[in-house]
Amino acid sequence: MTKEVQPAEWAQHKAVWIGFPSHPELWLEDIHPARIEVAAFAAAVHADGAGEKVILVAANAAAGAAAQKLAPFADVVVEPFGDIWLRDTGPIFLSRTIARDFQFNGWGGKYDLPGDDDIGARLARRRRIQVEACDWVLEGGAIDGDGTGLVVTTEQCLLNPNRNPGFSRPMIEEFLHRDLGFTEVLWLGQGLFNDHTDGHVDNLARFVAPGRLAIPQGSDNDPNWRIYQVAAEKAEAFGVEVVRVPSPGRIMHGDDIVPASYMNFYIGNAAVVVPQYGAENDAAAVAAFAALFPAHQVVGQRADHILTGGGSFHCISQQIPG
């Protein structure tokens, strides 16, 4: 396989796929407000044509019609899928014409939904993209690269036996090099508390420039404050520059602590879109990312209802390099 490396997310995009909530039985009373949040996210990424082409992916014709009504600026395609988390089920690109399609097992067998295992290959075929199937389980939200060959991930996810039983750390590193061109792997430990993805790194730590990693700074009541601190210590010991940014703190849904994170932002051509939760640090998070991305418009958008499904803006999107 080619030794090209996955581009950093801030590299130019030709377009972006965004999953559109389609199954009322999954989303229940949150489906309409979640659709509104997805459409607002898509509008921010599109930026009145100054950003990138937005392709909303709906699972059925009724959802496709709802997507087109809420986001008339977007292209809409209908392809059956289980849920909207295209970061994990969509193809991962090495260039605008070459992509990898990894195995998907419902985040370690937790959610086996029809269509999720092959939506990546179907979306790639729609765009006549050369896609190569890879013979191991990997979700896009489990890794984040800086474009130079360096990737960050967590032991909790990539070494979890519910993904690739028997795979060792050296084997994972070899496959990341073979299939995505990564030459260095920064291993962090645990991901966020109550994250059903088993610690996806795109809720914990994200590259904002080559060799520069953003990690939240938690307060005393933050269920993840120790996780953030350990991650920052590991990253600094590895040799990357660590930038601390605000955390939303403890966010509840009913009686449950949910894995709310500003780190689930999306870097588009024109805009960086940061999820907001009605938390005290919402505005401070937008300001922090505005300082990190001075060439972009940094936009805060509410993602409370998307989060009821388990993720946020980065989780529901997959960019196509330009």
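These notes cover the structure that comes with them. As the structure is a computational prediction, the values presented were derived from the model and not from experiment.

**Observations regarding the overall build of the chain**
For step 1, the next point in the chain: For the chain, the helix and strand inventory stands at 11 helices and 18 strands.
For step 2, the next point in the chain: For 322 residues, the compact-globule estimate of 2.2 N^0.38 gives 20 Å, and the chain sits close to it at 18 Å.
For step 3, the next point in the chain: Taken along its principal axes, the extent of the C-alpha atoms in the chain is 50 × 45 × 40 Å.
For step 4, the next point in the chain: By sequence separation, contacts in the chain at least 24 residues apart represent 74% of the contacts at least 6 residues apart.
For step 5, the next point in the chain: Of the charged side chains in the chain, 24 are positive and 40 negative; the average position of the first set lies 6 Å away from that of the second.

**Here we look at the packing of aromatic side chains**
For step 1, the next point in the chain: Applying the stated criterion to the full structure yields 12 aromatic pairs.
For step 2, the next point in the chain: Their ring planes at 75° and their centres at 6.1 Å tell us that Trp107 and Tyr111 sit as a pair that is edge-to-face.
For step 3, the next point in the chain: Residue Trp107 is classed as buried on the basis of its relative accessible area of 3%.
For step 4, the next point in the chain: Relative accessible area serves as the criterion here: at 40%, Tyr111 is assigned to the partly exposed category.
For step 5, the next point in the chain: Positioned above the aromatic ring of Trp187 is the side chain of Arg169, whose terminal nitrogen or guanidinium carbon lies 4.9 Å from the ring centre.

**With respect to the pattern of salt bridges**
For step 1, the next point in the chain: Counted by the stated rule, this structure contains 16 salt bridges.
For step 2, the next point in the chain: Its salt-bridge partner being Lys53, residue Asp75 comes within 3.7 Å of it at the nearest N-O pair. Residue Asp75 is found in strand β3 (residues 75-78), and its partner Lys53 is found in strand β2 (residues 53-58); the two are separated by 22 residues along the sequence.
For step 3, the next point in the chain: According to the relative accessible area criterion, Asp75 is partly exposed, its value standing at 37%.
For step 4, the next point in the chain: Residue Lys53 is classed as partly exposed on the basis of its relative accessible area of 42%.
For step 5, the next point in the chain: The partner of Glu139 in a salt bridge is Arg163, and the shortest N-O contact between them spans 2.8 Å. Placement of the pair is Glu139 in the loop between β6 (130-137) and β7 (144-145) and Arg163 in the loop between α7 (155-158) and α8 (169-180), with a sequence separation of 24 residues.
For step 6, the next point in the chain: Given a relative accessible area of 5%, Arg163 falls into the buried group.

**Quick word on the side chain of Asp146**
For step 1, the next point in the chain: Tracing the chain through its elements places Asp146 in the loop between β7 and β8 (150-154).
For step 2, the next point in the chain: The charged side chain of Asp146 is buried without a salt bridge, its nearest counter-charge being Arg212 at 11 Å.
For step 3, the next point in the chain: Setting aside anything within four residues of it in sequence, one finds Asp146 in contact with Ala8, Trp10, Phe207, Ala209, Pro210 and Gly211.

**Overview of the environment of Arg35**
For step 1, the next point in the chain: Among the secondary structure elements, Arg35 is positioned in helix α2 (residues 31-46).
For step 2, the next point in the chain: Sequence spacing of Arg35 and Gly19 is 16 residues, and the spatial spacing of their C-alpha atoms is 9.8 Å.
For step 3, the next point in the chain: If we ignore the near neighbours within four places in the chain, the residues touching Arg35 are Phe20, Pro21, Ser22, Ala63, Ala66 and Leu70.

**Digging into the sheet that holds strand β15 (residues 266-267)**
For step 1, the next point in the chain: Spatially, β15-β16-β17 is the arrangement adopted by the three strands of the open sheet, whose pairing is mixed. Looking along the sheet, the strands with just one partner apiece sit at the ends: β15 and β17 (297-302).

**Quick look at the nonpolar core**
For step 1, the next point in the chain: In terms of nonpolar packing, the biggest core is built from 70 residues, with Trp17, Ile18, Leu56, Phe265, Phe289 and Phe293 touching the most fellow members.
For step 2, the next point in the chain: Apart from the residues lying within four places of it in its own chain, the contact partners of Phe289 are Val245, Tyr262, Met263, Phe265, Val274 and Val298.
For step 3, the next point in the chain: In this structure, Phe102, Trp136, Leu138 and Leu180 belong to the second largest nonpolar core, which totals 19 residues.

**Brief notes about the environment of Val57**
For step 1, the next point in the chain: Note that Val57 resides in strand β2.
For step 2, the next point in the chain: Residue Val57 is classed as buried on the basis of its relative accessible area of 0%.
For step 3, the next point in the chain: Remark: the alpha-carbon pair of Val57 and Asp75, spanning 18 residues in sequence, is separated by 8.6 Å.
For step 4, the next point in the chain: Not counting chain neighbours up to four residues away, the residues in contact with Val57 comprise Trp17, Ile18, Gly19, Phe20, Val77, Phe81, Leu86 and Leu123.

**Overview of the sheet that holds strand β18 (residues 317-321)**
For step 1, the next point in the chain: With respect to topology, four strands assemble into an open sheet ordered β3-β2-β1-β18, the strand pairing being mixed. If you trace the sheet from one side to the other, it starts and ends with β3 and β18, each paired once. Across the sheet, the axes of successive neighbouring strands diverge by a mean angle of 25°, strand direction being ignored.
For step 2, the next point in the chain: Where helix α6 (residues 119-126) meets the sheet, it contacts β1 (13-19), β2 and β3, and its direction lies at approximately 130° from that of β3.

**Here we look at the environment of Val245**
For step 1, the next point in the chain: Considering the arrangement of structural elements, one finds Val245 in strand β12 (residues 241-246).
For step 2, the next point in the chain: Overall, Val245 belongs to the buried group, its relative accessible area being 3%.
For step 3, the next point in the chain: For the pair Val245 and Phe265, spaced 20 residues apart in sequence, the C-alpha to C-alpha distance is 12 Å.
For step 4, the next point in the chain: Among all residues touching Val245, those that are not within four sequence positions of it are Ala214, Ile215, Pro216, Gln217, Met263, Ala288, Phe289 and Leu292.

**Digging into the pairing of β8**
For step 1, the next point in the chain: Taken across its five residues, β8 has five buried, putting it largely inside the fold.
For step 2, the next point in the chain: The alternating pattern of β8 places Leu150, Val152 and Thr154 on one face and Val151 and Thr153 on the opposite face, and all of these are buried.
For step 3, the next point in the chain: Alignment of β7 against β8, held across two bridges, turns out to be antiparallel. Looking at the pairing, Gly145 lines up with Val151 of β8.

What counts and what doesn't
- Residues numbered from 1 in each chain as written.
- Predicted model: local features only at pLDDT ≥ 70, side-chain atom pairs only at ≥ 80, totals over all residues.
- Heavy atoms only, no water.
- Helix = DSSP H or I, 4+ residues; strand = E, 2+ residues; numbered from the N terminus.
- Rg over C-alpha atoms; globule rule 2.2 N^0.38 Å.
- Contact = heavy atoms within 4.5 Å.
- Lys, Arg positive; Asp, Glu negative; His and termini not counted.
- Charge placed at Lys NZ, Arg CZ, Asp CG, Glu CD.
- Phe/Tyr/Trp six-rings, centres within 6.5 Å; stacked < 30°, edge-to-face > 60°.
- Buried < 20%, exposed > 50% of the residue type's maximum accessible area, 1.4 Å probe, protein only.
- Lys NZ or Arg CZ within 6 Å of the ring centre and 35° of its normal.
- Salt bridge = Lys/Arg side-chain N within 4 Å of Asp/Glu carboxyl O.
- Pairing = 2+ DSSP bridges.
- Core = buried A, V, L, I, M, F, W, Y, C linked by side-chain atoms within 4.5 Å.
- Axes fitted to C-alpha atoms, helices over the stretch in contact; angles between N-to-C directions.

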